[in-house]
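Fold and contact review
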Amino acid sequence: MSEAAVEPVKLPENKQPALRVMPMPADVNPAGDVFGGWIMAMVDIAGAIPAHRRARCRTATVAVNSFVFKQPVSVGDLVSFYAEVVSVGRTSITVDVEVYAERDPENPVVVKVTEATLTYVALDDKGRKRPVPPA
């Protein structure tokens, strides 16, 4: 992660977050930052929501194509996960997830903390791959 000053940004306009959560003290590592694994789990949940909606069935994560931690997340940050389907294959759905932290409620600032791309696969009721239905 960069030690350089962080430029505040705005939350994406005209988009609703797939997930919004505030990490708690049990979610931190020994350095006092939120565990990367906690963020990864929340990204996976957020990405699964539009994948599930698009597939109209059960989905499973098959790949984490990219994952970049840009800034640490702290207890008390309000963390917003924005997820968007970026491509649909025969049985797969690829989703981009952007993660923002809203910090310091007395002097609010928003920073982009993580971005990731994940691929999910559509599954039938027996857990086998199935085609994604037309949009």
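Residues numbered from 1 in each chain as written. Predicted model: local features only at pLDDT ≥ 70, side-chain atom pairs only at ≥ 80, totals over all residues. Heavy atoms only, no water.

**Description of the overall build of the protein chain**
The number of helices and strands found in the protein chain is one helix and five strands. Viewed in the frame of its principal axes, the protein chain has a C-alpha envelope of about 50 × 35 × 20 Å. Every one of the 135 residues in the protein chain was classed for burial, and the buried ones make up 36%. Long-range contacts, defined as pairs at least 24 residues apart, comprise 69% of the intrachain contacts of the protein chain with a sequence gap of at least 6. Per element, the accessible surface of the protein chain, about 7700 Å² overall, is 54% carbon and sulfur. Side chains of the protein chain give 15 positive and 16 negative charges; the mean places of these two sets differ by 15 Å. (Helix = DSSP H or I, 4+ residues; strand = E, 2+ residues; numbered from the N terminus. Buried < 20%, exposed > 50% of the residue type's maximum accessible area, 1.4 Å probe, protein only. Contact = heavy atoms within 4.5 Å. Areas by Shrake-Rupley, 256 points an atom, 1.4 Å probe, with all protein chains shown as cover. Lys, Arg positive; Asp, Glu negative; His and termini not counted. Charge placed at Lys NZ, Arg CZ, Asp CG, Glu CD.)

**As for the nonpolar core**
If you look at the biggest cluster of nonpolar residues, it comprises 25 residues, and the most contacted ones within it are Val43, Phe81, Val97 and Val99. Of all the elements, helix H1 (residues 36–55) adds the most residues to this core, at seven residues. (Core = buried A, V, L, I, M, F, W, Y, C linked by side-chain atoms within 4.5 Å.)

**Section: the pattern of salt bridges**
It is possible for side chains bearing opposite charge to pair when their charged atoms get close. Per the counting criterion, the structure on display carries six salt bridges. Between lysine 112 and glutamate 98 there is a salt bridge, with its nearest N and O atoms 2.9 Å apart. Separated by 14 residues along the polypeptide, lysine 112 in strand S5 (residues 109–123) and glutamate 98 in strand S4 (residues 92–103) bring together distant segments of the chain. When salt bridges that share partners are traced, they join Glu98, Lys112 and Glu115 into one network. (Salt bridge = Lys/Arg side-chain N within 4 Å of Asp/Glu carboxyl O.)

**Regarding the pairing of S4**
Summarising the sheet, strand S3 (residues 78–88) and S4 pair through 10 bridges and their orientation is antiparallel. Across the sheet, residue tyrosine 82 finds its bridge partner in S4, namely glutamate 98. Taking the residues that link successive antiparallel strands as the turn, the S3-S4 hairpin has three residues. Of the pairings in the sheet, the one linking S4 to S5 comprises 12 bridges and is antiparallel in character. Considered in S5, the bridge of glutamate 98 is made with glutamate 115. Here S4 folds back onto S5, and the loop between the two strands holds five residues, one of which, aspartate 104, carries a positive phi near 50°. (Pairing = 2+ DSSP bridges.)

**Regarding the environment of leucine 78**
Position of leucine 78 among the secondary structure elements: in strand S3. Each C-alpha atom, one on leucine 78 and one on arginine 20, is 7.0 Å from the other, the two residues being 58 residues apart in sequence. Beyond its immediate chain neighbours, meaning those up to four positions away, leucine 78 contacts Arg20, Val21, Met22, Tyr100, Ala101 and Glu102.

**Details of the environment of alanine 60**
Take alanine 60: it is sitting in strand S2 (residues 58–69). Relative accessible area serves as the criterion here: at 27%, alanine 60 is assigned to the partly exposed category. Once the C-alpha coordinates of alanine 60 and glutamine 16 are considered, the two residues, 44 residues apart in sequence, prove to be 23 Å apart. Apart from residues no more than four positions distant in its own chain, alanine 60 is found in contact with Thr119, Tyr120, Val121 and Leu123.

**Focus on H1**
Between its first and last C-alpha, H1 extends 28 Å over 20 residues, near the 28 Å set by a 1.5 Å rise per residue. Listing the buried residues of H1 in full gives Trp38, Ile39, Met42, Val43, Ala46, Gly47, Pro50, Ala51, Arg54 and Ala55. In this fold, the buried residues of H1 make contact with strand S1 (19–21), S2, S3, S4 and S5. (Expected span 1.5 Å × (residues − 1).)

Function cannot be read off these values alone, since they describe shape.
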